[in-house]
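Observations on the three-dimensional arrangement
Next come the chains, spelled out residue by residue.
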Amino acid sequence: MPEPASGQLRRPDRETIAYVQSDGRAPGVVFLGGFMSDMTGTKATALEHYCRGRGQAFLRFDYSGHGASSGRFADGTISRWTADALAAIDSLTTGPVVLVGSSMGGWIMLLAALARPDRVKGLVGVAAAPDFTERMWHHELGDAQRAAITGAGFTEIPSDYDDGPYVITKALIEDGRRHLVLESAIDLACPVRLLHGMEDSAVPWRTAIKIADALGGCDVAVTLIKNGDHRLSEPADLSRLCMTVESLLR
């Protein structure tokens, strides 16, 4: 197989989205990363290797303000990152696609599928975190942090997964509130597979059950990994992810 091609997709606002793309047969697989993650992560690269071995088209990319893409992370919102995902799908893929969303990418995955139901053949969520901004606001941020967001427009919270803190902005919280998906039925009929670790300290595993309950389709399966953490990046986790994607490609 030819080596993957990397490039920069220019948006109308002149910001650029960095991507790596492998040609292959349809349906293509598109990986949607998490909050403050980039496309060089273990799950993205493992899926790329797997898809190349199958001769399957594959795309990974960085949202604006992430990784090799332009823009400031602090300017990002769910709307903006969903628009990045749709731009990548529309411009860099053809035919049916399977979307794989990790953590926040699981929220982006659902919003993208709702926007392009004719393109999406299936969904795989890995520790999917739809509506995480609302949960954060009500259950994770302290009074001083909420006051900082309301007054100064942002706060910083420590991260267990990155060297620096997460910047949580007022714009992110307010924009997320406009895109909540778990408060009503999710009108998607494509097959959905949800993988979630029961030792996930960032996103409760019961979130996967809530997503399954909200989805309108019948072909929905949840796999709970007893000792799995939020990353789900151990060799067994990566093998499970690849086999789950394969089940939808078939």
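Residues numbered from 1 in each chain as written. Predicted model: local features only at pLDDT ≥ 70, side-chain atom pairs only at ≥ 80, totals over all residues. Heavy atoms only, no water.

Here we come to the environment of Ala44. Assignment of secondary structure puts Ala44 in helix 1 (residues 42-54). The class of Ala44 is buried, set by a relative accessible area of 1%. When the C-alpha positions of Ala44 and Arg60 are compared, they lie 6.7 Å apart, and in sequence the two are 16 residues distant. Discounting chain neighbours no more than four positions away, the residues touching Ala44 are Phe31, Met39, Phe58 and Arg60. (Helix = DSSP H or I, 4+ residues; strand = E, 2+ residues; numbered from the N terminus. Buried < 20%, exposed > 50% of the residue type's maximum accessible area, 1.4 Å probe, protein only. Contact = heavy atoms within 4.5 Å.)

Tallying each qualifying case throughout the model produces 16 salt bridges. Notably, a salt bridge pairs Arg52 with Glu3, separated by 3.8 Å at the nearest N-O pair. Residue Arg52 is located in helix 1, and its partner Glu3 is located in the segment before strand 1 (5-10); the two are separated by 49 residues in the primary sequence. Measuring nitrogen to oxygen at the nearest pair gives 3.0 Å for the salt bridge that ties Glu48 to Arg60. With Glu48 in helix 1 and Arg60 in strand 4 (residues 56-61), the pair connects residues that are 12 residues apart, well separated along the chain. Several salt bridges share partner residues, and in doing so they unite Arg11, Asp13, Arg80 and Asp84 into one network. (Salt bridge = Lys/Arg side-chain N within 4 Å of Asp/Glu carboxyl O.)

With that out of the way, let us pick up empty space enclosed by the protein. Inspection of every chain in the model, using the stated rule, returns 2 cavities of 30 Å³ or more. Here the largest cavity defines a volume of roughly 50 Å³. Forming the walls of the largest cavity are Lys43, Val126, Leu195, Ile225, Leu232, Asp237, Arg240 and Leu241. In terms of residue class, the lining of the largest cavity is made up of 5 nonpolar, no polar and 3 charged. (1 Å grid on protein atoms, 1.4 Å probe; cavity = no way out; pocket = protein on both sides within 12 Å on 5 of 7 lines; lining within 4 Å. Points joined across faces, edges and corners; volume = space filled by probe spheres on them. Nonpolar A, V, L, I, M, F, W, Y, C, P; charged D, E, K, R; others polar.)

Per the stated rule, a full pass over the model turns up 8 aromatic pairs. Aromatic side chains Phe35 and Tyr166 sit 5.2 Å apart centroid to centroid with 80° between the ring planes, which places their arrangement in the edge-to-face category. Taken together, the residues Phe35 in the loop between strand 3 (25-32) and helix 1 and Tyr166 in strand 8 (residues 166-169) connect sequence positions 131 residues apart. The exposure classification of Phe35 matches that of Tyr166, with both residues buried. Relative to Phe132, the ring of Trp107 lies with its centre 5.7 Å away and its plane at 85°, an arrangement referred to as edge-to-face. With Trp107 in helix 3 (residues 104-115) and Phe132 in helix 4 (residues 132-140), this residue pair connects regions lying 25 residues apart in the sequence. The class of Phe132 is buried, set by a relative accessible area of 7%. Each residue in the set Phe35, Phe61, Tyr63, Phe73, Trp81, Trp107, Phe132 and Tyr166 is aromatic and connected to the rest through ring pairs, giving one cluster. (Phe/Tyr/Trp six-rings, centres within 6.5 Å; stacked < 30°, edge-to-face > 60°.)

A word on the layout of surface pockets. For the second largest pocket, the calculated volume is near 290 Å³. Forming the boundary of the second largest pocket are 13 residues, of which Pro130, Asp131, Arg135, Leu182 and Lys210 lie nearest the centre. Only helix 4 and helix 7 (206-214) provide two or more residues apiece to the lining of the second largest pocket. Residue composition of the lining of the second largest pocket, grouped by class: 4 nonpolar, 3 polar and 6 charged.

This next bit is on the packing of helix 4 against helix 6 (residues 170-177). Contact geometry of helix 4 with helix 6 gives a least axis separation of 8 Å together with a crossing angle of 120°. At the point where helix 4 passes helix 6, the crossing takes the left-handed sense. When helix 4 is examined against helix 6, the residues Thr133, Glu134 and Trp137 are found in contact with a partner set consisting of Leu172, Ile173, Gly176 and Arg177. A breakdown of the residues in the contact of helix 4 with helix 6 according to their chemical character gives 3 nonpolar, 2 polar and 2 charged. (Axes fitted to C-alpha atoms, helices over the stretch in contact; angles between N-to-C directions. Left-handed = near helix turned anticlockwise from the far one by under 90°.)

Among all positions in helix 7, only Thr207, Ala208, Ile211 and Ala214 are buried. Projected onto a plane normal to the axis of helix 7, the buried residues spread over an arc of 125° and lie on a single side. Exposed residues on helix 7 whose side chains face more than 90 degrees from its buried face are Arg206 and Asp213. Those residues of helix 7 that are buried lie in contact with helix 3, strand 9 (192-197) and strand 10 (220-225). (Arc of directions from axis to C-beta.)

Along strand 7 (residues 154-157), the buried face is formed by Thr155 and Ile157; none of Phe154 and Glu156, which line the opposite face, is buried. Sheet topology places strand 7 next to strand 8; 4 bridges connect them, and they run antiparallel. Counterpart to Thr155 in the pairing with strand 8 is Ile168. (Pairing = 2+ DSSP bridges.)

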